[in-house]
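Chain by chain, the residues:
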Amino acid sequence: MERNNLYPIFLRMHKIQTLIVGGGNVGLEKLTFLLKSSPDANVEMVAPFFRDEVKALAEQFNINLIYTAYDASFLCDKDLVIAATDNVEVNKKIYNDAKSRNLLVNVADTPEFCDFYLGGIVTKGNVKIAISTNGKSPTTAKRLRQFFEEVIPDDVNILVENLNQYRKTIKGNFEQKVNALNKITETLISK
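Predicted, not measured: the structure shown is a model, and the values here were computed from it.

What counts as what
- Residues numbered from 1 in each chain as written.
- Predicted model: local features only at pLDDT ≥ 70, side-chain atom pairs only at ≥ 80, totals over all residues.
- Heavy atoms only, no water.
- Helix = DSSP H or I, 4+ residues; strand = E, 2+ residues; numbered from the N terminus.
- Buried < 20%, exposed > 50% of the residue type's maximum accessible area, 1.4 Å probe, protein only.
- Arc of directions from axis to C-beta.
- Contact = heavy atoms within 4.5 Å.
- Pairing = 2+ DSSP bridges.
- Axes fitted to C-alpha atoms, helices over the stretch in contact; angles between N-to-C directions.

Draft legend 1. Spatial organisation of the overall build of the protein chain. A tally of regular secondary structure across the protein chain gives six helices and seven strands. Secondary structure elements of the protein chain, listed N to C terminal, follow the sequence β-α-β-α-β-β-α-β-β-β-α-α-α. Taken over the C-alpha atoms alone, the protein chain extends approximately 55 × 40 × 35 Å along its principal axes. Relative to its 191 residues, the protein chain shows a buried fraction of 35%.

Structural data, given as structure tokens:
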């Protein structure tokens, strides 16, 4: 049986430099997804043209738009790259250029040219759940996201805040603190 070997991480997008290449439908989708989860993300976009929706998001979220064709020089000082053009050759060039600089890169709809995938995300206050189908079925990730958005209560953040305050008061070593928190939270999951 095949398994998903991806390692999920949560990036502090305001601390890294992200480049999205492409200003059309796919660029819009990637930018929207990124900003929904990380509205303070530090993003620059490069494309010969940008959809009006991209321009509106750029204005709202202070995204730098560069109106020109892609060139490898745009990768300078970047940490993360998303290739979202409708040109396969340009996307491959972006991938190769990014890899030569040891940058993490995602080429839209091309799993073999991705170091990471942009999965489904559920956010309720401080609680965030990432969903991955290993690049196999974004539609399934979307449906699972919708399911979790409905079953996780909107007030789960109150629980998280209260547990955080309690955690600060627990005395003892790391193991004792973990045991105390495990005891309190074990009732969250009923069989």
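Draft legend 2. Structural detail: the environment of Asp86. Mapped onto the elements of the fold, Asp86 is located in the loop between β4 (80-83) and α3 (88-100). For the pair Asp86 and Gly27, spaced 59 residues apart in sequence, the C-alpha to C-alpha distance is 9.4 Å.

Draft legend 3. Summary view of helix α2 (residues 52-61). Looking at α2, one finds that the buried residues are Val54, Leu57 and Ala58. Seen along its axis, α2 keeps its buried residues to an arc of 105 degrees; they face one direction. Away from its buried face by more than 90 degrees, α2 exposes Asp52, Glu59 and Gln60. The inward-facing, buried residues of α2 abut α1 (25-37), β2 (42-47) and β3 (64-67). Looking one or two residues beyond α2, the residue adopting positive phi is Asn62, at roughly 60 degrees.

Draft legend 4. Quick look at the pairing of β4. On β4, burial covers both faces: Leu80 and Ile82 on one face and Val81 and Ala83 on the other are all buried. Sheet topology places strand β1 (residues 17-21) next to β4; four bridges connect them, and they run parallel. Bridged to Leu19 within β4 is Val81. Strand direction decides the pairing type here: β4 and strand β5 (residues 104-107), joined by four bridges, are parallel. Opposite Ile82, over in β5, you have Asn106 as the bridge partner.

Draft legend 5. How the structure looks around the sheet that holds β4. Pairing in this open sheet of five strands is parallel, and the strands run β3-β2-β1-β4-β5 from one edge to the other. Strand pairing shows two members of the sheet lacking a second neighbour, β3 and β5, which therefore form its edges. For this sheet the average axis-to-axis angle between neighbouring strands, irrespective of direction, equals 15 degrees. Along the sheet, α1 contacts β1, β2, β4 and β5; its crossing angle with β1, the most-contacted strand, is approximately 155 degrees. Packed on one face of the sheet, α3 meets β1, β4 and β5 and runs near 170 degrees to β5.

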